[in-house]
Amino acid sequence: MGSLSKVAVAHGTSQPHISRQITELEQECGARLFQRTGRGVVLTELGQRVAPKVRAWLAGTEQLANDIHTTAGKPIGKVRLGILPSSAHPLVSTLYYRLKERYPLVQLSVREGQGAQLETWLEDGSIDLAILFRQSSTPKNGDVYLVDTATYLVSAAGDPLTARRTVPFSALHNLPLALNVAVEADSLALQTHVVADGGIYALLGPYAIEAATKVYRIQSSKIVDPIISRHIALAMSRHGELTLACRTVMQETRDIAKSGAAGLRHSAR
C-alpha cells in the first residue's frame, strides 16, 4: 500500500503497532526490508528479492486452508461471475447478499461485459460463470436456463410505433435498428442514448429497459406475433476445475431464479 497508516486502517490497528511488527520482522531477517521515504514506504533491494517468495508462500498457505475447508465440505474461495449490463442485476444482488449471509467464505467477483466479451472470458477462463442471454430454446454446453423474458422494441418517448403495449414483429421490417443497419453499438448506454435522441430503435430485454428509463426518456412495446423469447442462462467455463464454491454459487443462483421466477416474469411484462 506504500503507507503504514493505510495498512493500519486496512487492518483495524494503529500505525505504531504496524511499525513495531516491521521492526521485529527485520530483526529476525537481519536486514532492512522497508525504506521510509518522503512519500511513504518502499521495499529495499533485499525486500524486492524476498517479496515474490513471500507472496508465493502466502498464496500456497491460503490454498492449503481452502483445500482443508473444501475437504470439510465448506465452500470457500473466489467465484468470478460475468453478467450483461443491467440484464440480471435483481438476481445478482440477491445472490450477493445470500452468499454473504450463508457462505461468508465465498467471494463473488462480478464483471460486466457484452455477449461476445462474456463468451471470450468463459473460453479463456477469465471468469468461472456467466449470466447472459440465449436465443435457442434448448440449453447447450451445460447451460442452465434460469428464466425467460420477452423482447421489446425501444424508441424515444412519444414515438407512435411503441405507444401501445405490444407491436407485431412485422412492424420491424426496414426499421433503423441499433446494432443492425443504422448504427453498430455494442454498449447499452450508447444504444439507449442514440434511441432517446429519436429516429433509431433498439431491441432490448426488460432489465436493460428498466435501467435505461432512469436516465433516458424512452418507451417500449413488447414484440408479438411471434413473441421473441430471451432465455437468461447461467453458463460455465469449460476450463479449470468447477470448485465447491462455484457449484454453490450455481445452486444458489438456480434457487433464487426459481423462487423469484414469478416476480421476474411479472417485471418482464
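Residues numbered from 1 in each chain as written. Predicted model: local features only at pLDDT ≥ 70, side-chain atom pairs only at ≥ 80, totals over all residues. Heavy atoms only, no water.

**Here's the deal with the overall build of the protein**
So the rule is basically this: A helix here means a DSSP run of H or I that spans at least four residues, while a strand means a run of E at least two residues long, and both kinds are numbered starting from the N terminus. To get the radius of gyration, use the C-alpha atoms; to get the globule rule, take the number of residues to the power 0.38 and multiply by 2.2 Å. Per-residue accessibility, obtained with a 1.4 Å probe over protein chains only, is compared with the maximum for each type, and a residue is labelled buried under 20%, exposed over 50%, and partly exposed between these values. Any two residues whose heavy atoms approach within 4.5 Å at even a single point are treated as in contact.
Helix and strand content of the protein: nine helices and eleven strands. At 25 Å, the protein has a C-alpha radius of gyration far larger than the 18 Å of a compact globule built from 269 residues. With the principal axes as the frame, the protein shows a C-alpha extent of 80 × 45 × 30 Å. Looking at the 269 residues of the protein, the share that counts as buried comes to 38%. Of the contacts made within the protein by residues no fewer than 6 positions apart, 72% connect residues no fewer than 24 positions apart.

**Things to note about the pairing of strand β11 (residues 229-236)**
The cut-off we apply is this: The criterion for strand pairing is that DSSP finds at least two bridges linking the strands in question.
For β11, the buried fraction is high: six of the eight residues fall into the buried class. For strand β5 (residues 129-134) and β11, the ladder comprises six bridges, and the chain directions are antiparallel. In the strand pairing of β11, Phe133 is matched with Ile232. In the sheet, strand β6 (residues 144-150) pairs with β11 via six bridges, with the strands oriented antiparallel.

**Some details on the nonpolar core**
This is how it is decided: As used in this record, nonpolar core signifies buried Ala, Val, Leu, Ile, Met, Phe, Trp, Tyr and Cys residues forming a set joined through side-chain atoms within 4.5 Å.
Of all hydrophobic cores here, the largest spans 33 residues; its most connected members are Val79, Leu81, Ile131 and Val249. Counting residues per element, the ones that place at least two in this core are β3 (77-83), α4 (89-102), β4 (106-112), α5 (115-124), β5, β6, β11 and α8 (244-259). In terms of residue count, α8 provides more of this core than any other element does, six residues in total. Ala150, Val154, Val195 and Ala202 belong to the second largest nonpolar core, which has twelve residues in total.

**Remarks on the sheet that holds strand β9 (residues 202-204)**
Selection rule: Here, axes are lines fitted to C-alpha atoms. For helices the fit covers the stretch in contact, and angles between N-to-C directions go from 0 to 180 degrees.
Here four strands make up an open sheet; going across it, the order is β8-β10-β7-β9 and the pairing mixed. Whereas interior strands pair on both sides, the edge strands pair on one side only; in this sheet they are β8 (166-168) and β9. Neighbour-to-neighbour, the strand axes of the sheet open up by a mean angle of 45°, direction not taken into account. As judged from the three bridges shared by strand β7 (residues 152-156) and β9, these two strands associate in the antiparallel manner. If you follow Tyr152 over to β9, its bridge partner there is Leu204.

**Quick notes on the sheet that holds β11**
If you trace the five strands from one edge of the open sheet to the other, you get β4-β3-β5-β11-β6, paired in mixed fashion. Looking along the sheet, the strands with just one partner apiece sit at the ends: β4 and β6. Each neighbouring strand pair of the sheet contributes to a mean axis angle of 20°, computed without reference to strand direction. Of the strands in this sheet, β3, β4, β5 and β11 are in contact with α5, which crosses β5 at around 140°.

**Side note on unusual backbone geometry**
In this structure, Pro226 follows Asp225 across a cis peptide bond, with omega equal to 5°. With respect to the element layout, Pro226 can be found in the loop between β10 (218-224) and β11. Backbone geometry places Asn141, a non-glycine residue, at a positive phi of 55°. Within the secondary structure layout, Asn141 lies in the loop between β5 and β6. In the Ramachandran plot, Asp225 falls in the positive-phi region, its phi being about 55° despite a non-glycine side chain. Within the secondary structure, Asp225 sits in the loop between β10 and β11.

**Brief notes about the layout of surface pockets**
Regions of empty space are outlined by a rolling probe, equal in size to a water molecule, passed over the atoms. Rule in force here: For each structure, a 1 Å grid was placed over the protein atoms alone; sets of points admitting a 1.4 Å probe that cannot get out are labelled cavities, open sets with protein on both sides within 12 Å along at least five of seven lines are labelled pockets, and lining residues have an atom within 4 Å of a point. Grid points are joined across faces, edges and corners, and a volume is the space filled by probe spheres set on the points. Put simply, Ala, Val, Leu, Ile, Met, Phe, Trp, Tyr, Cys and Pro go in the nonpolar bin, Asp, Glu, Lys and Arg in the charged bin, and everything else, Gly too, in the polar bin.
Within this model, the largest pocket holds a volume of roughly 810 Å³. Forming the boundary of the largest pocket are 22 residues, of which Val7, Ile22, Leu25, Phe34 and Leu43 lie nearest the centre. Contributions of two or more residues to the lining of the largest pocket are made by α1 (4-10), α2 (15-29), β2 (40-43) and α3 (45-71). Counting residues per element, the lining of the largest pocket draws most heavily on α3, which supplies seven residues. Considering only residue class, the lining of the largest pocket consists of 17 nonpolar, four polar and one charged.

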